[in-house]
Amino acid sequence: MSRLRIALTKGRLQDKSVALFERAGMDCSPIKNPGRRLIHSIPNYPLDAVLSKAPDVITYVEHGACDLGIVGKDTIMEKGGSFYEVLDLGFGKCRFALAVREGADFYGTYKYRVIASKYPNVTRAFFAAKGMDVDVIKIEGSVELAPILGLADGIVDIVETGATLKANGLVPIETVAPISARLIVNTASMKLYKNEILDFISKCEQELRDSK
Ligand code: PRP
């Protein structure tokens, strides 16, 4: 059996991915005690894990540097790319939402609107689908500041509990898209290592079914 290589998104999705693998019987102790190493072999299953930032997970899988990846739908929607999205893993659940300052009448004006977001492609696609021409400003972090500082009329951002919006006097007025972690597969690997990949997918599916 060939060893597969999987890219995991560091942080919250990494922890949930490891929990899933452990429930499926994989020994993930090397990933849980990573030290400075970036690649970790699972001793009792033919899988090596690479820990990386979300957009890099897509880059590695798209170029075949990794056969598989676990990444949020948010990054998939923003970055796009050519790969198979084979499984909704059901964790890392949140949503993209349009949020505005409390009391603001976002749709009640004909004025040209400015939207700030870390996700300009998602934002443009959302408003294009409504036939609305808006100005999208890319922000790298803490996008909630943009309406407070008067830079934007609204933001499109990830909302999980809603606490960050609330703490900054913003309210979500529309869901743009639901988000959760997805398993993605390199298109060539899917042909070359079909049996190994199908075995891995079915192990994950089984665990997701059992934990429902
Ligand atoms: C996201 C998002 C919000 C926050 C929302 O940031 O940009 O700031 O989470 O979560 P809440 O609805 O539970 O308050 P994240 O923590 O992913 O960090 P980031 O700024 O690096 O994107």
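Scroll up to find the structure.
## What to know about the site of the ligand
Okay, so step 1: Around the ligand, a shell composed of R12, K118, E144, D157, I158, V159, E160, T161, G162, A163 and T164 is seen.
Okay, so step 2: In the model, an oxygen atom of the ligand is placed 3.2 Å from a nitrogen or oxygen of the R12 side chain.
Okay, so step 3: In this structure, an oxygen atom belonging to the ligand sits 2.9 Å away from a side-chain N or O atom of E144.
Okay, so step 4: Looking at the shell around the ligand, the elements with two or more residues in it are strand 9 (154-159) and helix 7 (163-167).
Okay, so step 5: Considering every element that reaches the shell around the ligand, the biggest residue donor is strand 9, with 3 residues.
Okay, so step 6: Its residues assigned to classes, the shell around the ligand comprises 3 nonpolar, 3 polar and 5 charged.

## Quick word on the pattern of salt bridges
Okay, so step 1: Scanning the model with the defined rule gives 10 salt bridges in all.
Okay, so step 2: Across the pair E85 and R182 runs a salt bridge, and its minimum N-O distance is 2.9 Å. Of this pair, E85 sits in strand 5 (residues 84-88) while R182 sits in strand 11 (residues 181-185), placing them 97 residues apart in sequence.
Okay, so step 3: Taking the relative accessible area as the measure of exposure, E85 reaches 33% and is therefore partly exposed.
Okay, so step 4: Owing to a relative accessible area of 12%, R182 belongs among the buried residues under this scheme.

## Comments concerning helix 3 (residues 54-62)
Okay, so step 1: Buried within helix 3 we find A54, V57, I58 and V61. In a view along the axis of helix 3, the buried residues occupy a sector of 95 degrees, so they form one face of it.
Okay, so step 2: On the buried face of helix 3, the contacting elements are strand 1 (4-9), strand 3 (47-52), strand 4 (68-72), helix 4 (73-79) and strand 11.
Okay, so step 3: In the segment just after helix 3, G64 is the residue with positive phi, at about 80 degrees.

## Observations regarding the sheet that holds strand 7 (residues 114-117)
Okay, so step 1: The mixed open sheet is built from 5 strands, whose spatial order is 8-7-9-6-10. Looking at the sheet topology across the chains shown, the edges are occupied by strand 8 (135-138) and strand 10 (170-179). Each strand of the sheet is rotated relative to its neighbour by a mean of 30 degrees, with strand direction disregarded.

## Some remarks on the environment of P34
Okay, so step 1: Residue position: P34 is located in the loop between helix 2 (29-32) and strand 2 (39-42).
Okay, so step 2: For the pair formed by P34 and M190, sequence separation is 156 residues and the distance between their alpha carbons is 28 Å.
Okay, so step 3: Excluding residues within four positions of it along the chain, P34 makes contact with H40 and L51.

## Description of the nonpolar core
One recurring pattern in soluble globular proteins is that nonpolar side chains are buried together.
Okay, so step 1: By size, the foremost hydrophobic cluster in this structure holds 30 residues, and its most contacted members are I6, F21, L47 and F200.
Okay, so step 2: For this core, the elements supplying multiple residues, two or more each, are strand 1, helix 1 (12-23), strand 3, strand 4, strand 11 and helix 9 (194-210).
Okay, so step 3: Among the elements that make up this core, the one with the highest residue count is helix 9 (5 residues).
Okay, so step 4: Excluding residues within four positions of it along the chain, L47 makes contact with R3, L4, I6, F21, M26, H40, S41, I42, L68 and F200.

About the thresholds
Residues numbered from 1 in each chain as written. Predicted model: local features only at pLDDT ≥ 70, side-chain atom pairs only at ≥ 80, totals over all residues. Heavy atoms only, no water. Near = heavy atom within 4 Å. Polar contact = N/O pair within 3.5 Å; in protein donor to acceptor, adjacent residues only side chain to side chain. Helix = DSSP H or I, 4+ residues; strand = E, 2+ residues; numbered from the N terminus. Nonpolar A, V, L, I, M, F, W, Y, C, P; charged D, E, K, R; others polar. Salt bridge = Lys/Arg side-chain N within 4 Å of Asp/Glu carboxyl O. Buried < 20%, exposed > 50% of the residue type's maximum accessible area, 1.4 Å probe, protein only. Arc of directions from axis to C-beta. Contact = heavy atoms within 4.5 Å. Pairing = 2+ DSSP bridges. Axes fitted to C-alpha atoms, helices over the stretch in contact; angles between N-to-C directions. Core = buried A, V, L, I, M, F, W, Y, C linked by side-chain atoms within 4.5 Å.

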